[in-house]
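Remarks on the overall topology
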Amino acid sequence: MNEPSSPASPAPAPRKSRRDLRILWWTNAIDGLGTQASGIVLPLLILDLGHPAAAAGSFASAVAVAGVVLGPVVARPADHGHRRALLIGSAALAAAAMSGLTAALFWWRPPLWAVLGLAFTERLCAFAHEAAARGALAHVARREDVTRGAAGLQAGDQAALVVGPGLGGALFEAARPLPFLADALSYAATALGIRALRAPLDTPAPGRRRTPVTSGFRTVLGSAPLRMVLVWASAASVLVTLLSYTAMFVLDGGTTVGLVLSASGATGLLGALLAPGLVTRLGARRAVVLATWLLLVPAGVLVTADAAASYATGFALLALLLPTVTVVLSGVLVRAVPREVQSQAGAAVGAAAALAAAGCPALAAGLVTWRGPHTPAVLCLALLALLAVYTQGAAGRSLIAEADARPRAEETDARPRTDQPAPAAHPSAGEDERP
């Protein structure tokens, strides 16, 4: 009789510590800051070393393909007892790669293969880290803190987006190796932060070691709530990518585009900070439905935009509203997926979103060239209208009402089994994974 209760009694502090949640926030923000600082100047470094722009473009394409392939593959071992090792190891290896690039730039003029090889190693490690990190929030945050935890991660991403590019540019102007040194230090800090987490990131899952690589995709496709997360993530990726490239093609000068995107990053940070309070006051379902319909306003602004100020206004409003949806749906992804497939399901959603947006740069260029600068925004406005109708429909009602109700009900259950009700939302995963 005492066996079930003995492991549960010492669990609350280490398993659900808000200290761990704060560490997760800070490591995410520091990691993002370093990545943004070095990523923005890597193409400039390639050009500065005398290589053609095609080299930078080919590298970006290769990185995108590698990310789509690697994420779901790495997610499987992360969900099967190796999450902490993957998080620490990938951050440490990325720190070593960036340290190598820093040393090469300090002491000699490295050849292109060395620069791209070290940068590609860092990107592979970043994809591996991101895939493993998708399941960390479910282990660190208490049920009632999931929305707040997702908002903190979103705020860190937005803060890095605002500060990182400017920091990287300033460091690059001072000395070419400095942005990559900053990235190396950020990865080292990330590894130390993950090591300091007390939560058991690798929850034992006996009998589930033979789950196939496709488990994440099957879990997502087998659940109506998770299908909505998939649809929303893919649609948001298409919208942001298409509109961002449209601004690059229409506006004159990289400085102007940078200012427009920086303004959107700042309002995105504000939106991430406001999202938890908005969700608490309105409820998850109402907040998402309201934010989705309000997204038609910035889309309408961008339809008629003809100057940098109007583009900045449209992007700022778009970035202000999107975090509310992102925070709620991130919480749904955490609650509706068992811990043993958290990273795999997150990687499936991420891969689908990346594939959906893969053709957007070419589509934006074609629409601007053949049909005029406002055509991509008109297409996005139509897509958002359909998305708003879909969100307010039956899928939205069942999905987010469940997300509102589940935390309080499940928190009263025995802690080691908080993920047990989840298989009802995705029967396909349960049938494949149970022995």
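As the structure is a computational prediction, the values presented were derived from the model and not from experiment. Each residue is numbered by its place in its chain's sequence as written, counting from 1. Owing to the predicted nature of the model, reporting of local features is limited to residues with pLDDT of at least 70; listing and counting of side-chain atom pairs is limited to 80 or more, with chain, interface and lining totals taken over all residues. Derived side-chain values reflect all non-hydrogen atoms in the structure, with water molecules and hydrogen atoms excluded from consideration.

**Digging into the side chain of T324**
By secondary structure assignment, the location of T324 is in helix α15 (residues 308–336). Owing to a relative accessible area of 4%, T324 belongs among the buried residues under this scheme. A contact between two residues is defined here by any heavy atoms of the two lying within 4.5 Å. T324 has contacts with A275, L278, V279, A287 and A291, leaving out every residue within four places of it along the chain. Helix and strand definitions here come from DSSP, where helices need a minimum of 4 consecutive H or I residues and strands a minimum of 2 consecutive E residues; each element is numbered from the N-terminal end. Relative accessible area decides the class of each residue, using a 1.4 Å probe on protein chains only: under 20% of the type maximum gives buried, over 50% gives exposed, and in between gives partly exposed.

**Things to note about helix α9 (residues 178–196)**
With 19 residues, α9 should cover 27 Å at 1.5 Å per step; its first-to-last C-alpha distance of 27 Å lies within 8% of that length. Residues of α9 that are buried include every one of P179, F180, D183, A184, S186, Y187, T190, A191, G193 and I194, and no others. To estimate how far a helix should reach, multiply one less than its number of residues by 1.5 Å.

**A short note on a nonpolar patch on the surface**
Judged by side-chain polarity, L278, L282, L290, L294, V297 and L317 come together as a nonpolar surface patch covering roughly 420 Å² of accessible area. Counting only elements with at least two residues in the nonpolar patch, the list comes to α12 (254–282) and α13 (284–294). For L317, the position within the fold is in helix α15. Its relative accessible area of 30% is what places L317 among the partly exposed residues. What goes into a patch is any residue over 30% in relative accessible area without a salt bridge, connected to like charges within 9 Å or, for nonpolar side chains (Val, Leu, Ile, Met, Phe, Trp, Tyr), within 5 Å. Note on areas: these come from Shrake-Rupley sampling with a 1.4 Å probe, and a residue is covered only by the protein chains present in the view. Note on definitions: salt bridges are taken to be side-chain nitrogens of Lys or Arg within 4 Å of carboxyl oxygens of Asp or Glu.

**Thoughts on the side chain of R123**
Tracing the chain through its elements places R123 in helix α6 (residues 112–133). Polar contact criterion, stated in full: a pair of N or O atoms within 3.5 Å, where within protein one must be able to donate a hydrogen and the other to accept it, and residues adjacent in sequence count only if both atoms are side-chain atoms. Engagement of the side chain of R123 in a polar contact is seen with the side chain of E122, the distance being 3.0 Å. In this structure R123 touches T35, F59, V63 and Y187, once residues within four positions along its chain are discounted.

**Details of the packing of helix α17 (residues 360–371) against helix α18 (residues 375–392)**
It is the contact of α17 with α18, at a shortest axis distance of 8 Å, that shows an interaxial angle of 120°. By the angle between their axes, α17 is oblique relative to α18. Between α17 and α18, the contacting residues are L363, A364, L367, V368 and R371 on the first element and T375, P376 and L379 on the second. Gly is placed with the polar residues, together with every amino acid not listed as nonpolar (Ala, Val, Leu, Ile, Met, Phe, Trp, Tyr, Cys and Pro) or charged (Asp, Glu, Lys and Arg). Grouping the constituent residues of the contact of α17 with α18 by class yields six nonpolar, one polar and one charged. Between the N-to-C directions of two axes lies an angle of 0 to 180 degrees, each axis being a line fitted to C-alpha atoms and, for a helix, fitted only over the stretch in contact. The labels follow the angle: roughly parallel below 35 degrees, roughly antiparallel above 145, roughly perpendicular from 65 to 115, and oblique for the rest.

**So, the nonpolar core**
Here, nonpolar core refers to any group of buried Ala, Val, Leu, Ile, Met, Phe, Trp, Tyr and Cys residues whose side-chain atoms link them within 4.5 Å. Counting residues in hydrophobic clusters, the biggest one holds 48 residues, and the most contacted among them are V220, W232, L243, L295, Y311 and F315. Those elements giving two or more residues to this core turn out to be α11 (224–250), α12, α13, α14 (296–303), α15, α16 (342–357), α17 and α18. Counting residues per element, this core draws most heavily on α11, at twelve residues. Residue contacts for F315: discarding those within four places in its chain leaves L243, S244, A247, V260, S264, T267 and L302.

**Some remarks on the environment of V328**
On the secondary structure map, V328 appears in helix α15. Residue class for V328 comes out buried when judged on its relative accessible area of 4%. For the pair V328 and V288, spaced 40 residues apart in sequence, the C-alpha to C-alpha distance is 7.3 Å.

**Considering helix α8 (residues 146–174)**
For α8, with 29 residues, the first-to-last C-alpha span of 41 Å sits near the 42 Å given by 1.5 Å per residue. In the structure, α8 departs most strongly from a straight axis at V163, where the bend amounts to approximately 35° and where the proline P165 lies between one and four residues downstream. A residue's bend is the angle separating two fitted axes: one through the seven residues that end there, the other through the seven that start there.

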